[in-house]
Amino acid sequence: GESVGLHLPTLSVQEGDNSIINCAYSNSASDYFIWYKQESGKGPQFIIDIRSNMDKRQGQRVTVLLNKTVKHLSLQIAATQPGDSAVYFCAENRNFNKFYFGSGTKLNVKP
Amino acid sequence: GAGVSQSPRYKVAKRGQDVALRCDPISGHVSLFWYQQALGQGPEFLTYFQNEAQLDKSGLPSDRFFAERPEGSVSTLKIQRTQQEDSAVYLCASSLRTVSAEAFFGQGTRLTVV
């Protein structure tokens, strides 16, 4: 299938290592954020979310950190696996569910 | 169905042709969104429905784009007189609630205008 990550920043990690994907958002009024994973030929898939009244949230193997002072989000993936290879987008919510997506980061996991 | 379903999966249109893209959201989901994703880019918001009401259409690129959700379930995105710059993946998403909540995406329709 076609690549959704043709000209995106790429992060290459070794299988088993931890990955950190960063995202800067633009609007200080955004109150809700989601990290999505998109595999080639598929729609974005929800990974984890965080509201603006939190600075950290943990899921299964994933952690999202929110720094409102500098308008920065990060996604940490523990023990990265080949199945984690995809393009990762952060999305910020303003007004109802209107999400603005970042440009994405392509994660390559080397076996 | 279990997820958001979009059809057709692929569509090739000749420039100037009209197209209609269908979205079947998850049953019971109140909110429905359309996004446009160009190759190598993140999805860009087109329009938002709460039930049958189109509350936001600020992202529609031109008056050639039209979306409807007449019964608050299935939605159709129509593009009239397609142009090459309309080539993209069109994603539909639905969400259970009307306030900020996780949106589930379909696989998208890849439109190629030749």
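Just above sits the structure.
Conventions we followed
- Residues numbered from 1 in each chain as written.
- Chains lettered and ligands numbered in written order.
- Predicted model: local features only at pLDDT ≥ 70, side-chain atom pairs only at ≥ 80, totals over all residues.
- Heavy atoms only, no water.
- Helix = DSSP H or I, 4+ residues; strand = E, 2+ residues; numbered from the N terminus.
- Rg over C-alpha atoms; globule rule 2.2 N^0.38 Å.
- Contact = heavy atoms within 4.5 Å.
- Areas by Shrake-Rupley, 256 points an atom, 1.4 Å probe, with all protein chains shown as cover.
- Lys, Arg positive; Asp, Glu negative; His and termini not counted.
- Charge placed at Lys NZ, Arg CZ, Asp CG, Glu CD.
- Pairing = 2+ DSSP bridges.
- Axes fitted to C-alpha atoms, helices over the stretch in contact; angles between N-to-C directions.
- Polar contact = N/O pair within 3.5 Å; in protein donor to acceptor, adjacent residues only side chain to side chain.
- Buried area = accessible area lost by both parts, 1.4 Å probe.
- Salt bridge = Lys/Arg side-chain N within 4 Å of Asp/Glu carboxyl O.

Enquirer: Could you clarify how one ought to interpret the overall build of chain A in this entry?
Expert: Check the secondary structure of chain A and you find zero helices and ten strands. The order of α-helices and β-strands along chain A, N terminus first, is β-β-β-β-β-β-β-β-β-β. Taking 2.2 N^0.38 as the reference for a compact globule, 111 residues should give roughly 13 Å; the C-alpha atoms of chain A span a radius of gyration of 14 Å, in line with that estimate. Principal-axis analysis of the C-alpha atoms places the extent of chain A at approximately 40 × 25 × 20 Å. A separation threshold of at least 6 residues defines the contact pool for chain A, and within that pool the share at least 24 residues apart is 54%. Only carbon and sulfur atoms are counted for the fraction: they give 46% of the accessible area of chain A, which is about 5500 Å². Positive and negative side-chain charges of chain A, numbering 12 and 9 respectively, have mean locations separated by a distance of 4 Å.

Enquirer: Explanation requested: the sheet that holds strand β6 (residues 62–67) of chain A in the structure shown.
Expert: What links the strands of a sheet is backbone hydrogen bonding, and the strands pair in either a parallel or an antiparallel sense. Residues and elements named next belong to chain A. Taken together, four strands build an open sheet; the order of strands is β2-β7-β6-β5 and the sheet is antiparallel. Among the strands making up the open sheet, the edge pair consists of β2 (19–24) and β5 (56–58). Taking the axes of each pair of neighbouring strands and ignoring which way they run, one obtains an average angle of 15° across the sheet.

Enquirer: What's the story with the side chain of Gln37 of chain B in this structure? I'm lost.
Expert: Following the sequence through the fold, Gln37 of chain B ends up in strand β4 (residues 31–37). In terms of polar contacts, Gln37 of chain B uses its side chain to reach the side chain of Gln38 of chain A, at 2.9 Å. There is a polar contact of 2.8 Å between the side chain of Gln37 of chain B and the backbone oxygen of Gln41 of chain B. With residues up to four places along the chain from it excluded, the contact list for Gln37 of chain B reads Gln38 and Phe89 of chain A together with Gly42, Pro43, Ala88, Val89 and Leu91 of chain B.

Enquirer: Just to check I follow, could you spell out the interface of chain A and chain B for this structure?
Expert: The parts lose accessible area when they come together, and the size of an interface is often stated as this lost area. Opposite the 25 residues of chain A that make contact, chain B presents 29 residues. Roughly 2000 Å² is buried in total at the junction of chain A and chain B, and carbon and sulfur atoms are behind 53% of that figure. Linking chain A with chain B are zero salt bridges, by the criterion used here. Where chain A meets chain B, there are five residue pairs in polar contact (both at pLDDT 80 or more).

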